[in-house]
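The residues making up each chain are set out below.
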Amino acid sequence: MVFKDNYTNIKIKIIERVILITLNRPSALNALSSGLIDDLNHALKVAEKNSNISVIVITGSSKAFAAGADIKEMIAKSFSDLIDNDFIKPWEKLSLCKKPTIAAVDGYALGGGCELAMMCDLLIANENTKFGQPEINLGVFPAAGGTQRLPRAVGKAKAMDMVLSGRMMGAEEAEKLGLVSRIISSDNFIENVIEIAKEISEKSLPSLIMAKDAINSSYETSLSQGIIYERRLFRSAFSLEDQKEGMSAFIEKRKAKFKNS
Ligand code: DAK
């Protein structure tokens, strides 16, 4: 399986071991139409299988990461349409991706756009970013994980505030609350995010995958079960050549050269 030469709704660029996926529906502020999600999922699937790629960065434009699900596509749907065809299900592919993912968020990240960003492992925001779950203004409420991931990130009080009032939250507040991993200033925003991604991509890929898996499991299990799972994964890391290389490099005072095996 290979990347398409031309996607309709995204652009891709490979920089060393990093893939940059840019959501590209400028006329609709990157509203997440089913066509866009199909393109995103295709690129994600290829990137996940491609052994030359370690880190996936998803970004939008300086005006909008994504302004949510496509309201024009959604308006005519009925209850039974949603029962027959859960059109949000395909969005979950991102949250199931085993490789590290980074949302590089600039401009509006609203509704499904905010939810998509929250599915990523790191959320790096430009200082101008505005997060929000404004679905309440449309007579509905967040349903692509917003009522679940947002309170886990920012706490119940702030999640209730955002979801019930539909107000937007700036990057600074979002970083203070733990929704955002890092804020990067506007100058050379995406280049700086790529540098962070490149730095991560130089680590051992199997260890990155296990570390991500261990952290995600902390949301699904009790502390004692999570600690047992962490320890099992840690033991497996000792079957990697990369573990010997990483520790030898430390002792020999040189930079580790991981083989991802
Ligand atoms: N969908 C479709 N088109 C959109 C859009 C959206 N979400 N957001 C913006 N656009 C389009 C506008 O209609 C406009 O198109 P034209 O009128 O030029 O054809 C163009 O993008 C530029 O937008 P504006 O003219 O409005 O630009 P402004 O700078 O004035 O305002 C804005 C920017 C981001 C504040 C504004 O566009 C806005 O409020 N957008 C809507 C934000 C929003 O309400 N987002 C939530 C969408 S609902 C589900 C699970 C989850 C979901 C659904 C189902 N299930 C489990 C079934 C998720 C739902 C959502 O995300």
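You'll find the structure just up there.
Here the structure is a predicted model, which is why all the values come from computation and not from measurement. (Residues numbered from 1 in each chain as written. Predicted model: local features only at pLDDT ≥ 70, side-chain atom pairs only at ≥ 80, totals over all residues. Heavy atoms only, no water.)

### Some details on the overall build of the chain
Note the cut-off: Helical segments are the DSSP runs of H or I of at least four residues, strand segments are the runs of E of at least two, and each set is numbered from the N terminus. Burial classes follow relative accessibility: with a 1.4 Å probe on protein chains only, a residue under 20% of its type's maximum area counts as buried, one over 50% as exposed, and anything between as partly exposed. Only heavy atoms enter the contact rule, under which two residues are in contact if any of them lie within 4.5 Å. To measure how exposed things are, a 1.4 Å probe is used in the Shrake-Rupley method; for residues, cover is taken only from the protein chains shown. In this tally, Lys and Arg are treated as positive and Asp and Glu as negative; His is ignored, and so are the chain termini. Taken as the charge location is NZ of Lys, CZ of Arg, CG of Asp or CD of Glu.
The helix and strand inventory of the chain stands at 12 helices and 10 strands. The principal-axis extents of the C-alpha atoms in the chain amount to approximately 60 × 45 × 40 Å. Scored against the burial criterion, the 261 residues of the chain give a buried share of 44%. Taking all contacts inside the chain whose residues are at least 6 apart in sequence as the whole, residues at least 24 apart take part in 66%. For the chain, the exposed surface amounts to about 14200 Å²; the carbon and sulfur share of it is 55%. Put simply, the chain has 34 plus and 32 minus side-chain charges, and the middle of one group is 4 Å from the middle of the other.

### So, the packing of helix α10 (residues 205–217) against helix α11 (residues 223–237)
Inclusion rule: Only the stretch in contact is used when a helix axis is fitted, and all axes are lines through C-alpha atoms; the angle between N-to-C directions ranges over 0 to 180 degrees. Should an angle fall under 35 degrees it is taken as roughly parallel, and over 145 as roughly antiparallel, whereas 65 to 115 is taken as roughly perpendicular and any remaining angle as oblique. Just so you know the grouping, Ala, Val, Leu, Ile, Met, Phe, Trp, Tyr, Cys and Pro go in nonpolar, Asp, Glu, Lys and Arg go in charged, and all remaining residues, Gly too, go in polar.
Running from amino to carboxyl end, α10 crosses α11 at an angle of 175 degrees, the nearest separation of the two axes being 10 Å. One way to sum up the angle between α10 and α11 is to call them roughly antiparallel. Two secondary-structure elements touch here, α10 through Met210, Asp213, Ala214 and Ser217 and α11 through Tyr229, Leu233, Ser236 and Ala237. Per-class residue counts for the contact of α10 with α11 are 5 nonpolar, 2 polar and 1 charged.

### Points about a positive patch on the surface
Here is the rule we go by: Patch membership needs two things, relative accessible area over 30% and no salt bridge, and members are linked within 9 Å if like-charged or within 5 Å if nonpolar (Val, Leu, Ile, Met, Phe, Trp, Tyr). By definition here, a salt bridge exists when the distance from a side-chain nitrogen of Lys or Arg to a carboxyl oxygen of Asp or Glu is within 4 Å.
Taken together, the side chains of Lys45, Lys49, Lys93 and Lys98 present a region of like positive charge at the surface. Among the secondary structure elements, Lys93 is positioned in helix α4 (residues 93–96).

### Side note on the sheet that holds strand β4 (residues 64–66)
Using the following cut-off: Only strands joined by at least two bridges in the DSSP assignment are considered to pair.
Strand order in the open sheet made by the 4 strands is β4-β6-β8-β9, with mixed pairing throughout. Two strands in the sheet have a free side with no partner beyond their single neighbour: β4 and β9 (168–170). On average, each strand axis in the sheet is inclined to that of its neighbour by 20 degrees, with strand direction left out of account. Summarising the sheet, strand β6 (residues 108–110) and strand β8 (residues 130–132) pair through 3 bridges and their orientation is parallel. By the bridge assignment for β8, Leu110 is matched with Gly132.

### Digging into the packing of aromatic side chains
Ring pairs (aromatic) are described by centroid distance and by the angle formed between their planes. How we decide: Stacked, tilted and edge-to-face are the three classes applied to pairs of Phe, Tyr and Trp rings, where Trp contributes its six-membered ring and a pair requires centres within 6.5 Å; stacked means planes under 30 degrees apart, edge-to-face means over 60, and tilted covers the rest. Remark: a charge is flagged as sitting over a ring if the NZ atom of Lys or the CZ atom of Arg is within 6 Å of the ring centre and within 35 degrees of the ring normal.
Scanning the model with the defined rule gives 1 aromatic pair in all. For the ring pair Phe234 and Phe238, a centre distance of 5.1 Å and an interplane angle of 65 degrees mean the geometry is edge-to-face. The cationic tip of Lys77 hangs over the ring face of Phe87; the distance from NZ or CZ to the ring centre is 5.3 Å.

### Let's talk about the side chain of Gln133
Stated precisely, the cut-off is as follows: A 3.5 Å cut-off defines polar contacts: any pair of N or O atoms within that distance qualifies, except that in protein one atom must be a possible hydrogen donor and the other a possible acceptor, and neighbouring residues in sequence count only when both atoms are side-chain atoms.
Position of Gln133 relative to the elements: it lies in the loop between β8 and α6 (146–154). A residue is classified by how much of its surface remains accessible, and Gln133, at 0% relative accessible area, is buried. Here the side chain of Gln133 touches Gly111 through a polar contact of 3.4 Å, landing on its backbone oxygen. A polar atom in the side chain of Gln133 sits 3.1 Å from the side chain of Glu135. Residues contacting Gln133, with those up to four places away along its chain left out, are Gly111, Cys114, Glu115, Met118, Pro142, Gly146, Leu150, Met162, Val163 and Gly166.

### Considerations on the site of the ligand
What counts here: Throughout, the term near means that a residue has one or more heavy atoms lying within 4 Å of the molecule or strand in question.
Taken together, the neighbourhood of the ligand is formed by 23 residues, with Lys63, Ala67, Ala69, Ile88 and Gly112 sitting nearest. Residue Ser27 places a main-chain N or O atom 3.4 Å away from an oxygen atom belonging to the ligand. The contact in question runs from a nitrogen atom of the ligand to an N or O atom on the backbone of Ile71, over 2.9 Å. About the coverage of the ligand: the protein hides 66% of its 1100 Å² of free accessible area. For the shell around the ligand, the secondary-structure elements that each account for two or more residues are α2 (71–74) and β6. Sort the elements by how many residues they give to the shell around the ligand and α2 lands first, with 3 residues.

### Comments concerning unusual backbone geometry
Its identity as a non-glycine residue notwithstanding, Leu29 has a phi of 50 degrees, on the positive side. Residue placement: Leu29 occurs in the loop between β2 (18–23) and α1 (34–49). Notably, Asn30 is not glycine yet its phi reads approximately 60 degrees, a positive angle. Within the secondary structure, Asn30 sits in the loop between β2 and α1. Here Asn30 falls in the buried class, since its relative accessible area comes to 2%.

### Some details on the environment of Ala43
As for its position among the elements, Ala43 is in helix α1. C-alpha separation for the pair Ala43 and Tyr7, spaced 36 residues apart in sequence, amounts to 9.0 Å. Beyond its immediate stretch of four places on either side in the chain, Ala43 contacts Phe3, Tyr7, Ile10, Ile12 and Ile21.

Bear in mind that shape data such as this cannot, by itself, settle questions of function.
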